[in-house]
Each structure stands twice: as C-alpha cells, then as structure tokens.
Amino acid sequence: AVAFTIHQPSSRDFALFDKLLVLSEGSTVYCGDAAEALPYLASLGHHCPPRTNPAEFILDMISGSEDLSPVAPSELVAAFARSKNSAEI
C-alpha cells in the first residue's frame, strides 16, 4: 500500500484514487472508496454541483467557512462517526 497527500488534485487525478481519507482538524470526515465519497456526502444532503472538481467540493465542505459550506466540519465528523465506514476503520 502507498499513502500520500495531494492538496486539491484535478478532477482527472481524483478519478484515479482508489481509497480516500478526508480529515478536518485531525478528525475523520470520510474514509473509504474514493468513488463513494460524493454519494456519501449526497446522502447527507450535500450535493456536488455539476462540473465541479470533486476534490475542491470536498475541501470546501471541510473548510469551516460559512461562505463555502452550509455545514460545520464537526457535523461531518459526527456523521462519519455514525456511518458504517467508521466501524470498518
């Protein structure tokens, strides 16, 4: 296994990821298959707009900026803690 960090990859590069770990202030917001990250966020009511880079959308969601995200990162952390993926890590 290989782990590395990439800040704001292109949409093309994001599509190549197998697994994804998203942290906000050291707490897990998402961990699982990269292809399932957007459906997971959509299940929480947060839909990635068409033609938006998925990585940019996710970073906006965890930014903590009210201008960029309708939800506090702590709410995303709490939602992940209740998810089935959380039980698997």
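What you see is a predicted model, and the numbers here were worked out from it, not measured in a lab. (Residues numbered from 1 in each chain as written. Predicted model: local features only at pLDDT ≥ 70, side-chain atom pairs only at ≥ 80, totals over all residues. Heavy atoms only, no water.)

How would you summarise the nonpolar core if you had to cite specific residues and measurements?
The biggest cluster of nonpolar side chains holds 18 residues, and the ones touching the most others in it are Leu20, Val22, Tyr30, Tyr40, Leu41, Ile58 and Leu76. If you list the elements that add at least two residues to this core, you get strand S1 (19-24), strand S2 (27-33), helix H2 (37-43), helix H3 (54-61) and helix H4 (73-81). In terms of residue count, the dominant contributor to this core is H3 (four residues). Discounting residues that sit within four places of it in the chain, Leu76 has contacts with Val29, Tyr40, Leu41, Leu44, His46, Met61, Ile62 and Val71. (Core = buried A, V, L, I, M, F, W, Y, C linked by side-chain atoms within 4.5 Å. Buried < 20%, exposed > 50% of the residue type's maximum accessible area, 1.4 Å probe, protein only. Helix = DSSP H or I, 4+ residues; strand = E, 2+ residues; numbered from the N terminus. Contact = heavy atoms within 4.5 Å.)

Got a sec to walk through H4? Specific residues and values, please.
Looking only at H4, the buried set comprises Pro73, Leu76, Ala79 and Phe80. Projected down its long axis, H4 carries its buried residues within an arc of 120°, all on one side. For H4, the exposed residues lying more than 90 degrees away from the buried face are Ser74 and Ala81. The inward-facing, buried residues of H4 abut S1, S2, H2, H3 and helix H5 (84-88). (Arc of directions from axis to C-beta.)

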